[in-house]
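Residues per chain, in single letters:
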There are 2 protein chains.
Amino acid sequence: MTNLSMTIGELARRTNSKVETIRYYEKIGLLAEPVRTAGNYRSYGQDHLRRLSFVRRSRDLGFSLDQVRALLDLALHRDWSCDAVDAIAKEHLAEVDRKIADLQALRRELDSMIDQCGSGSIAQCRIIEALSPKE
Amino acid sequence: MTNLSMTIGELARRTNSKVETIRYYEKIGLLAEPVRTAGNYRSYGQDHLRRLSFVRRSRDLGFSLDQVRALLDLALHRDWSCDAVDAIAKEHLAEVDRKIADLQALRRELDSMIDQCGSGSIAQCRIIEALSPKE
DNA sequence: GCTTGACTCTGTAGTTACTCCAGGGTCCAT
DNA sequence: ATGGACCCTGGAGTAACTACAGAGTCAAGC
């Protein structure tokens, strides 16, 4: 076992977040209070790193903190019925699939713009249409 | 041409947003002021629907309003050099690809949980690990 | 062993992106 | 001609950060 231990600044760097955000997550109970050093500095370990990374990346994917909390609960599925886990997982799966489809549509359009650019000028741009309601 | 025209409430319903959010976007200049009816009601057309849909879905995918503005500018690429369009599009493309990869990892884990549930109970859950830094 | 600069602490105020009233006007089906 | 569902403006409230201020900690170098 790697007995990793880091300061709040290092954790922030590794999870691409701000120091203040980490303290904020601690305050609202999303991240467990870490142990403190003799000088009262927060000291984080591997599980803090994993959990915070999950939170930050989920947020970056457009999930609210409440949804992130639900996903974390799902992850720990402490004494839950399989039916409940199944229902919640399926709901999230549907949303994830929707997001993937939207991102792929956006991706195609960005790609096509870069392509067109390579050949001199941009003939057309449909990135707005990529995320518009299909009629 | 379909000469579509709708109230703010209908636009909200069609774009999965709140009436107040639309008025807020108008206030900060993200959405053009629509024409008004005799009774001072906002009246929206096809392009408002498209643009707002793009904004809402981009937001749902975790882009900030500033990023959305950049994408919209890119979409309209009024008198921009191809180099500029290319650079910005490539930057966004990289981020989009990252997001797709993360969502697919999350998707796999949710899928596997649903699978395990089907066969009685959950043996393991790795959704946190799915979005953790790979060591 | 003392300084100095980068980092941490708590607490509070500011920002972004909405969201929710209050108090009133409009529209239209009965 | 009236009740209910909608719209208007303006302002306050919420979620999720983000940025100080003022003070303490730590390790490197002299």
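See the structure shown above.
Below: a short report on this structure. (Residues numbered from 1 in each chain as written. Chains lettered and ligands numbered in written order. Predicted model: local features only at pLDDT ≥ 70, side-chain atom pairs only at ≥ 80, totals over all residues. Heavy atoms only, no water.)

## With respect to the overall build of chain A
Summing up its helical and strand segments, chain A has 6 helices and 2 strands in all. The secondary structure elements of chain A, listed N-terminal to C-terminal, are α-α-β-β-α-α-α-α. For chain A, whose C-alpha radius of gyration is 21 Å, the value lies well above the compact-globule estimate of 14 Å for 135 residues. With respect to the three principal axes, the spread of C-alpha positions in chain A is 65 × 45 × 30 Å. Relative to its full complement of 135 residues, chain A shows a buried share of 44%. Nonlocal contacts in chain A, meaning residues at least 24 apart in sequence, comprise 45% of its contacts between residues at least 6 apart. (Helix = DSSP H or I, 4+ residues; strand = E, 2+ residues; numbered from the N terminus. Rg over C-alpha atoms; globule rule 2.2 N^0.38 Å. Buried < 20%, exposed > 50% of the residue type's maximum accessible area, 1.4 Å probe, protein only. Contact = heavy atoms within 4.5 Å.)

## Some words on the protein's contact with DNA strand C
The environment of DNA strand C is made up of 20 residues, and the closest members are Gly9(A), Arg23(A), Arg42(A), Tyr25(B) and Tyr41(B). Per the 4 Å cut-off to the protein, sugar and phosphate atoms form 72% of the nearby atoms of DNA strand C. In this structure, a phosphate oxygen belonging to DNA strand C sits 2.7 Å away from a side-chain N or O atom of Arg23(A). Within the contact set of DNA strand C, a base nitrogen lies 2.6 Å away from a side-chain nitrogen or oxygen of Tyr41(B). With 4 residues, the top contributor of residues to the surface near DNA strand C is helix H2 (residues 19-27) of chain B. Partitioning the surface near DNA strand C into residue classes produces 6 nonpolar, 6 polar and 8 charged. (Near = heavy atom within 4 Å. Polar contact = N/O pair within 3.5 Å; in protein donor to acceptor, adjacent residues only side chain to side chain. Nonpolar A, V, L, I, M, F, W, Y, C, P; charged D, E, K, R; others polar.)

## A short note on the protein's contact with DNA strand D
Taken together, 19 residues sit near DNA strand D, with Tyr25(A), Tyr41(A), Gly9(B), Arg23(B) and Arg42(B) positioned nearest. Close to the protein, within 4 Å, the atoms of DNA strand D belong to sugar or phosphate groups at a rate of 80%. At a separation of 3.0 Å, a phosphate oxygen of DNA strand D approaches a polar side-chain atom of Thr7(B). Between Arg23(B) and DNA strand D, the recorded distance is 2.6 Å, taken from a side-chain N or O atom to a phosphate oxygen. When contributions to the surface near DNA strand D are tallied by element, the ones reaching two or more residues are helix H2 (19-27) and helix H3 (46-60) of chain A together with helix H1 (8-15) of chain B. Tallying contributions element by element places H2(A) first for the surface near DNA strand D, with 4 residues. In terms of residue class, the surface near DNA strand D is made up of 6 nonpolar, 6 polar and 7 charged.

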